[in-house]
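Coordinates in review
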Amino acid sequence: MNQELKRKRFLMLSAAAVFVALLVLFYVLGSVLITVMFSALIAYVLLPLANVIVRVMPWSDRRPGLSRGIAVGLIFLLAIGIFAGSMVLVIPPTIEQGKDFIDNFPTFFNSSRMTIERWVGENAELVPDEVRVQIEENIAGAGAILVDAAWEVLPNTVGLVSETFALIIGFATMPVLIFYFVKDSKQVGSSLLAPFPKALRPYLVDVAKIGDKAVGGYLRGQLILGAIVGIAVTIGLMAMGVPFAAVLGVIAGLSEMIPIVGPLIGGAAGILVTLATAPEKVIWVAVLYLGVQLVENTLLVPRVQAGTLNLHPVAVIFVIIVGGHFFGIWGIIFGPPLVSMGRDVIRYIAREWDEVPSAASESENEGLEAGEIDVSESS
C-alpha cells in the first residue's frame, strides 16, 4: 500500500480521536469550564454578524484588526442597550413571575386536573365510564411524575446558580471572553492548532468544519429559533391576558432547544397554566402554540437550520432518551448534533479513505504552518 495513503489514513483517524478526546475533556471539566464554553458559544453565534459588519467597512482590507474591533464594539453597544432595557422592563417581572410560578406549580396542576374532570363530568353522557376512569388515572399519574420532577429539578437548579460564588464570578468575566473570542477568532483558531503536528492540522481543520456545520450551525439555529418562539409566545399570551406570560415564553424558548419533543413541553406548560387560571382561553392558547410552531416549521426552520442534523425523527428521539439518561440536560441538547457530527466525520473518513494525497493537498498542508485560521469564516 502507498505509504502516503497509510499516513493520510492515520492522520484522519488521529484527527477524529483528538475531537473525541476534547469532548470527553469538556464533559469532565464542564463545571470548571462552563463560563468559557458559554462565552465561546455566544461568540460563535455573534461571529456571522461581526463578519457582515466587517465586510461592509471600506477600509476592512487595509485595517482588518481595526475593522473587527469596531464591529465587536458595535455589537456590544447593541447588546448593552438590549440588556439595559431588559433589566428595566423584562427581567424584574420575569424573575418575580418565575418565583410565583415555582411556588404555585403543584396548585396549577391540581386546578387544571379539576377543570378537565369538570369538563368530563359535564359531558359524561358522551364519554364512556371506562374511558373517563382511564383519563383520570392518566392525568393523576402524569401529574405526580411532573410535580415530583419539577420539585426535584427546579430547587437544585436554583441552588446551583445562587449558591456557587465561583460561577457568579465566572459569568462576570464572560463579556471580556466574548469580546476577545469574536475579535480574535482567527488567532484563537491558530492557537488551538499550534500544539498539534503540522501534518495533522489540515485534517483537524476538516473535522472542525464538519463540527461547525453539524454542531455549531445547529446550536446557533436553535438559539435563534428559541428567541423567536419565546418572544412570540410571550407577546401572544400577554395579548390574551394569560397569567405568567413572560415565564411561559421563557419556557417555550428554552424548550425549543430540545428537538422534536421540546415544543410539546413548552406547549404543555402553557396549557397547564391556562387550564388552572383561565380555562375559557385554553383553545386560543392551544391555537397560539400551534400557530407559532406552524410558522416556525414552515418559514423559519428551512432558512435557519437548513437541514443541519439530517437525522430521522425516530433517531433524534432515541438519542434524546439515551443522552438524557446518561448525561442529563446536556445529553438532551448536545446529543443530536454530536451524533450528526459523528456520522458526518465517518462519512468524511470513508470518502477520503482510498484517496491518495495530491500535491495540492500537500501544499495546503504547508500553508497551514503559518497564518491565521478561522474554521467559522464561512458562517
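Residues numbered from 1 in each chain as written. Predicted model: local features only at pLDDT ≥ 70, side-chain atom pairs only at ≥ 80, totals over all residues. Heavy atoms only, no water.

Overview of the overall build of the protein
A count of helices and strands for the protein gives 14 helices and zero strands. Start at the N end of the protein and walk to the C end: the helices and strands fall as α-α-α-α-α-α-α-α-α-α-α-α-α-α. Taken over 379 residues, the protein has a buried fraction of 37%. The long-range share in the protein, meaning contacts at least 24 apart out of those at least 6 apart in sequence, stands at 76%. (Helix = DSSP H or I, 4+ residues; strand = E, 2+ residues; numbered from the N terminus. Buried < 20%, exposed > 50% of the residue type's maximum accessible area, 1.4 Å probe, protein only. Contact = heavy atoms within 4.5 Å.)

A word on the side chain of S255
Mapped onto the fold, S255 is located in helix α10 (residues 245–255). For S255, the side chain forms a polar contact with the main-chain oxygen of G262, separated by 3.2 Å. Those residues in contact with S255 that lie beyond four places of it in its chain are G262, P263, I265 and G266. (Polar contact = N/O pair within 3.5 Å; in protein donor to acceptor, adjacent residues only side chain to side chain.)

Re the packing of aromatic side chains
Tallied over the entire structure, the rule returns one aromatic pair. Plain terms: the ring middles of F326 and F327 are 6.5 Å apart, the flat faces sit at 50° to each other, and that makes the pair tilted. When its relative accessible area of 55% is taken as the criterion, F326 is described as exposed. (Phe/Tyr/Trp six-rings, centres within 6.5 Å; stacked < 30°, edge-to-face > 60°.)

Considerations on unusual backbone geometry
Phi is positive for F244, which is not a glycine, with a value near 60°. The residue F244 is located in the loop between α9 (201–240) and α10 in this model. F244 sits in the buried class, given a relative accessible area of 15%.

As for the environment of A16
Relative to the elements of secondary structure, A16 occurs in helix α1 (residues 3–28). Taking relative accessible area as the criterion, A16 reaches 17% and is therefore assigned buried. Taking the C-alpha atoms as reference, A16 lies 7.7 Å from L204; in sequence the two are 188 residues apart. If we ignore the near neighbours within four places in the chain, the residues touching A16 are V345 and I349.

Quick notes on the environment of F327
Within the secondary structure, F327 sits in helix α13 (residues 313–352). Taking the relative accessible area as the measure of exposure, F327 reaches 43% and is therefore partly exposed. Spatially, the C-alpha atoms of F327 and Y27 are 9.2 Å apart, while their sequence positions differ by 300 residues.

Section: the confidence of the model for the protein
Summarising the model, the protein shows a mean pLDDT of 75, and 72% of its residues fall at 70 or more. Within the model, pLDDT remains below 50 along residues 149–165, and this stretch shows eleven contacts once partners closer than five positions in the same chain are excluded. Across residues 375–379, confidence stays below pLDDT 50; counting only partners more than four residues off in sequence or on other chains, it has 16 contacts. (pLDDT = per-residue confidence, 0-100.)

Focus on the packing of α9 against α10
Where α9 meets α10, the closest approach of the two axes is 7 Å, and the angle between their N-to-C directions is 155°. What the angle tells us is that α9 and α10 run roughly antiparallel. Handedness of the crossing formed by α9 with α10: right-handed. Every residue of α10 that contacts α9 at G226, V229, G230, V233, T234, L237 and M238 is listed here: A245, A246, L248, G249, V250, A252 and G253. Its residues placed into classes, the contact of α9 with α10 shows nine nonpolar, five polar and no charged. (Axes fitted to C-alpha atoms, helices over the stretch in contact; angles between N-to-C directions. Parallel < 35°, antiparallel > 145°, perpendicular 65-115°, else oblique. Left-handed = near helix turned anticlockwise from the far one by under 90°. Nonpolar A, V, L, I, M, F, W, Y, C, P; charged D, E, K, R; others polar.)

Observations regarding the nonpolar core
Of all hydrophobic cores here, the largest spans 24 residues; its most connected members are M341, V345 and Y348. Broken down by secondary-structure element, the contributors of at least two residues to this core are α1, α9 and α13. Considering every element that reaches this core, the biggest residue donor is α9, with nine residues. What M341 contacts, discounting residues up to four positions off in sequence, is F19, V207, I210, G211, A214 and V215. One finds F244, A245, L248 and V285 within the second-largest nonpolar core, a separate group that totals 17 residues. (Core = buried A, V, L, I, M, F, W, Y, C linked by side-chain atoms within 4.5 Å.)

A closer look at the pattern of salt bridges
Under the defined criterion, the tally for this structure stands at five salt bridges. Between R343 and D344 there is a salt bridge whose closest N-O contact spans 3.1 Å. Salt-bridge contacts for E352 lead to R351; the nearest nitrogen and oxygen are separated by 3.9 Å. Exposure remark for E352: the relative accessible area of 23% places this residue in the partly exposed category. A cluster of three or more residues bridged by salt bridges with shared partners is formed by K8, R351 and E352. (Salt bridge = Lys/Arg side-chain N within 4 Å of Asp/Glu carboxyl O.)

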